[in-house]
Amino acid sequence: MATAEMIAKVKMALRLSSEDFDAEVGDLIDEATEELERQGASNYALSSKQAEHYIKTYCRAHFSPDAEQANAYADALTGIADAIRRSSYSDE
């Protein structure tokens, strides 16, 4: 479940000030976290700055009005997830 703190951080990254999108942003945060878990990120890695970066990028990809930009964000997710996985393996 997305925390109020993480929702606020993502909204700031998305330049959203209205509370109208809080539920949607929260759902996207949960989806991004679940995706990282499926890809093998450790609990420690999920609380890292890299995971926060992944979550913000995931949300940017879904909120971007420009398809080319959304695809660029989606492509960046692979590299970020790889770095998180590598750090997860070194933590064990």
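The paragraphs below set out a description of the structure included in this document. (Residues numbered from 1 in each chain as written. Predicted model: local features only at pLDDT ≥ 70, side-chain atom pairs only at ≥ 80, totals over all residues. Heavy atoms only, no water.)

1. Description of unusual backbone geometry
Phi at Arg15 takes a positive value of approximately 65 degrees, unusual for a residue other than glycine. In this structure Arg15 comes out as exposed when scored by relative accessible area, which is 70%. (Buried < 20%, exposed > 50% of the residue type's maximum accessible area, 1.4 Å probe, protein only.)

2. Re the nonpolar core
Core analysis: the biggest nonpolar cluster contains 22 residues, and Val10, Ile29, Leu36, Tyr54, Ile55, Cys59 and Ile84 have the highest contact counts within it. Within the residue set of this core, elements represented by two or more residues are helix H1 (4–14), helix H2 (22–38), helix H3 (43–46), helix H4 (49–63) and helix H5 (67–91). In this view, Cys59 contacts Val10, Leu14, Leu28 and Ile29; residues no more than four positions away in its chain are not counted. (Core = buried A, V, L, I, M, F, W, Y, C linked by side-chain atoms within 4.5 Å. Helix = DSSP H or I, 4+ residues; strand = E, 2+ residues; numbered from the N terminus. Contact = heavy atoms within 4.5 Å.)

3. A look at the packing of aromatic side chains
The description of an aromatic ring pair rests on the distance of the ring centres and on the angle between the ring planes. One pass over the full model with this rule turns up 2 aromatic pairs. With centroids separated by 5.8 Å and ring planes inclined at 80 degrees, the aromatic side chains of Phe21 and Phe63 adopt a geometry described as edge-to-face. With a gap of 42 residues between them, Phe21 in the loop between H1 and H2 and Phe63 in helix H4 connect regions that are remote in the sequence. Taking the relative accessible area as the measure of exposure, Phe21 reaches 32% and is therefore partly exposed. On the basis of relative accessibility, which here comes to 22%, the residue Phe63 falls in the partly exposed class. (Phe/Tyr/Trp six-rings, centres within 6.5 Å; stacked < 30°, edge-to-face > 60°.)

4. Considering a negative patch on the surface
Taken together, the side chains of Glu24, Asp27, Glu31, Glu34 and Glu37 define an acidic patch exposed on the protein surface. As for its placement among the helices and strands, Glu34 is situated in helix H2. The class of Glu34 is partly exposed, set by a relative accessible area of 42%. (Patch = residues over 30% accessible without salt bridge, like charges linked within 9 Å, V, L, I, M, F, W, Y side chains within 5 Å. Areas by Shrake-Rupley, 256 points an atom, 1.4 Å probe, with all protein chains shown as cover. Salt bridge = Lys/Arg side-chain N within 4 Å of Asp/Glu carboxyl O. Lys, Arg positive; Asp, Glu negative; His and termini not counted. Charge placed at Lys NZ, Arg CZ, Asp CG, Glu CD.)

5. Regarding the pattern of salt bridges
Per the stated rule, a full pass over the model turns up 7 salt bridges. Here Asp82 makes a salt bridge to Arg85, at a shortest N to O gap of 2.0 Å. With Asp82 and Arg85 both in helix H5 and 3 residues apart, this pair spans about one turn of that helix. Several salt bridges share partner residues, and in doing so they unite Glu5, Lys9, Lys49, Glu52 and Lys56 into one network.

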